[in-house]
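Residue-level listing of the chains:
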Amino acid sequence: MLRFRNLASGSTGNATLIEGGTAGGGPRRRLLMDCGLGIRILEGRLGAAGIAPAQLDAVFITHEHSDHIGCVQKLVLRHRVPVWMSQGTHEALGAPDFDGLLRIARDGEAIDLGAFEARPFTVPHDAREPLHLRCSDGATHVGLLTDLGHASGHVLDQLRDCHALLLESNHDPEMLQASGYPAFLKRRISGRFGHLPNHVSADILRTVRHSGLRRVVAAHLSAQNNHPDLARAALADALGWPLEAIDVAHPREGTGWIDAG
């Protein structure tokens, strides 16, 4: 069974832990998607989830923005964990030395973790070569999507038939336009390579919803230009679910463990 736990979500830092185990009770495998926090904070969040950093089987970095890379080099080198990212992301970071632990991720090429696989897919975002993830143990599928400006057909294909989704619901357009953000930043956030507003996230759910979809987490909410109630209402309405059925990832506390199966 697959489960996941968001450790932080928002412009101050992002990290999500995915864990899977074999049907026969074999060893559980763990992937950390992004580590946009300080090393001591991240290690503390992992500890609160019952995971020691050395128990990670891999780290996956979606793109080079600071709220996603955080302590990646310290974490990887300190605990000798393989790190996956696209060639473009590595170059955008200045091609840091990961002492042989770097693995290059590519769109559509599965990362085999034994108990489950993580399949990267490209997304439209203002980064060098951003990738997000669909994880599967063969029976259960989880889509993890935190930073993009719009949903391409390729993105929608990766989210179909998922049993759980961590989905960006970044801003309310009216709140963004009324904010004190400079005009260029408003354009960036609301552009086709920026971040998803609540109503577009809702449209994505209307497109990919199916009877097997069990859990949805609204993620990467703007602290200034959104409110959990707005995001929750938009996504619940899209699915015809009660409000309380939509989880919202807290920017600092994330979520508890969420079973995808």
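Structural notes, computed from the coordinates. Just so we're clear, the structure is a prediction, and the values are computed from it rather than from any experiment.

1. Quick word on the nonpolar core
Next, step 1: Grouped together as the largest cluster of nonpolar side chains are 27 residues, with contacts concentrated most on Leu-145, Val-155, Leu-159, Leu-165, Leu-205, Val-216 and Leu-235.
Next, step 2: Among the secondary structure elements, those contributing two or more residues to this core are helix H5 (153-159), strand E11 (164-168), helix H8 (198-208), strand E12 (215-219), helix H9 (228-239) and strand E13 (246-248).
Next, step 3: If sequence neighbours within four positions are ignored, Leu-159 has contacts with Phe-121, Arg-134, Gly-143, Leu-145, Leu-165, Ile-204 and Val-208.

2. Considerations on the sheet that holds strand E14 (residues 258-259)
Next, step 1: One open sheet holds the seven strands; their spatial order is E6-E5-E4-E3-E2-E1-E14, and the pairing between them is mixed. Each of the sheet's edge strands pairs with one partner strand only, and the pair in question is strand E6 (102-104) and E14.
Next, step 2: Bridge count for strand E3 (residues 29-33) against strand E4 (residues 58-60) is three bridges, and the pairing is parallel. Pairing of Leu-32 across the sheet is with Val-59, part of E4.
Next, step 3: Relative to the sheet, helix H1 (residues 39-48) contacts strand E1 (2-8), strand E2 (15-20) and E3, its axis offset from that of E1 by approximately 145°.
Next, step 4: Contacting E3, E4 and strand E5 (83-85), helix H3 (residues 72-79) runs over the sheet at an angle of about 165° to E4.

3. What to know about the pattern of salt bridges
Here the idea is simple: oppositely charged side chains can pair when their charged atoms come close.
Next, step 1: The final tally for this structure, using the stated rule, is 15 salt bridges.
Next, step 2: Between Glu-109 and Arg-106 there is a salt bridge, with its nearest N and O atoms 3.8 Å apart.
Next, step 3: A residue is classified by how much of its surface remains accessible, and Glu-109, at 43% relative accessible area, is partly exposed.
Next, step 4: For Arg-106, a relative accessible area of 43% translates into the label partly exposed.
Next, step 5: Several salt bridges share partner residues, and in doing so they unite Arg-3, Glu-19, Arg-28 and Arg-30 into one network.

4. Description of the pairing of E3
Next, step 1: The buried fraction of E3 amounts to four of the five residues, a majority that puts the element mostly inside the structure.
Next, step 2: Of the pairings in the sheet, the one linking E2 to E3 comprises five bridges and is antiparallel in character. Within the sheet, the bridge partner assigned to Ile-18 lies in E3 and is Leu-31.

5. Section: the packing of aromatic side chains
Next, step 1: Taken as a whole and assessed by the stated rule, the structure comprises zero aromatic pairs.
Next, step 2: Above the face of the Trp-257 ring, Arg-3 is positioned so that its terminal group lies 3.7 Å from the ring centre.

6. Observations concerning the layout of surface pockets
Next, step 1: Volume-wise, the largest pocket comes out at about 240 Å³.
Next, step 2: With three residues, the single largest contributor to the lining of the largest pocket is helix H7 (residues 183-190).

7. Some thoughts on the packing of H1 against H3
Next, step 1: Packing of H1 against H3 leaves a shortest axis separation of 9 Å and a crossing angle of 65°. In the crossing of H1 with H3, the sense of the turn from one axis to the other is right-handed. When H1 is examined against H3, the residues Ile-39, Leu-42 and Glu-43 are found in contact with a partner set consisting of Lys-74, Leu-75, Arg-78 and His-79.
Next, step 2: Per-class residue counts for the contact of H1 with H3 are three nonpolar, one polar and three charged.

8. Some points on the sheet that holds strand E7 (residues 111-112)
Next, step 1: Reading across the sheet, the seven strands line up as E7-E8-E9-E10-E11-E12-E13 and stay open at both edges, with mixed pairing between neighbours. Lying at the two open borders of the sheet, with one neighbouring strand each, are E7 and E13.
Next, step 2: As defined by bridge partners, E11 adjoins E12 across five bridges and the pair is classed as parallel. The residue bridging Ala-164 from the neighbouring strand is Arg-215, located in E12.
Next, step 3: Docked against the sheet, H8 engages E11 and E12, running at close to 155° with respect to E11.
Next, step 4: Relative to the sheet, H9 contacts E12 and E13, its axis offset from that of E13 by approximately 150°.

Calculation rules
Residues numbered from 1 in each chain as written. Predicted model: local features only at pLDDT ≥ 70, side-chain atom pairs only at ≥ 80, totals over all residues. Heavy atoms only, no water. Core = buried A, V, L, I, M, F, W, Y, C linked by side-chain atoms within 4.5 Å. Buried < 20%, exposed > 50% of the residue type's maximum accessible area, 1.4 Å probe, protein only. Helix = DSSP H or I, 4+ residues; strand = E, 2+ residues; numbered from the N terminus. Contact = heavy atoms within 4.5 Å. Pairing = 2+ DSSP bridges. Axes fitted to C-alpha atoms, helices over the stretch in contact; angles between N-to-C directions. Salt bridge = Lys/Arg side-chain N within 4 Å of Asp/Glu carboxyl O. Phe/Tyr/Trp six-rings, centres within 6.5 Å; stacked < 30°, edge-to-face > 60°. Lys NZ or Arg CZ within 6 Å of the ring centre and 35° of its normal. 1 Å grid on protein atoms, 1.4 Å probe; cavity = no way out; pocket = protein on both sides within 12 Å on 5 of 7 lines; lining within 4 Å. Points joined across faces, edges and corners; volume = space filled by probe spheres on them. Left-handed = near helix turned anticlockwise from the far one by under 90°. Nonpolar A, V, L, I, M, F, W, Y, C, P; charged D, E, K, R; others polar.

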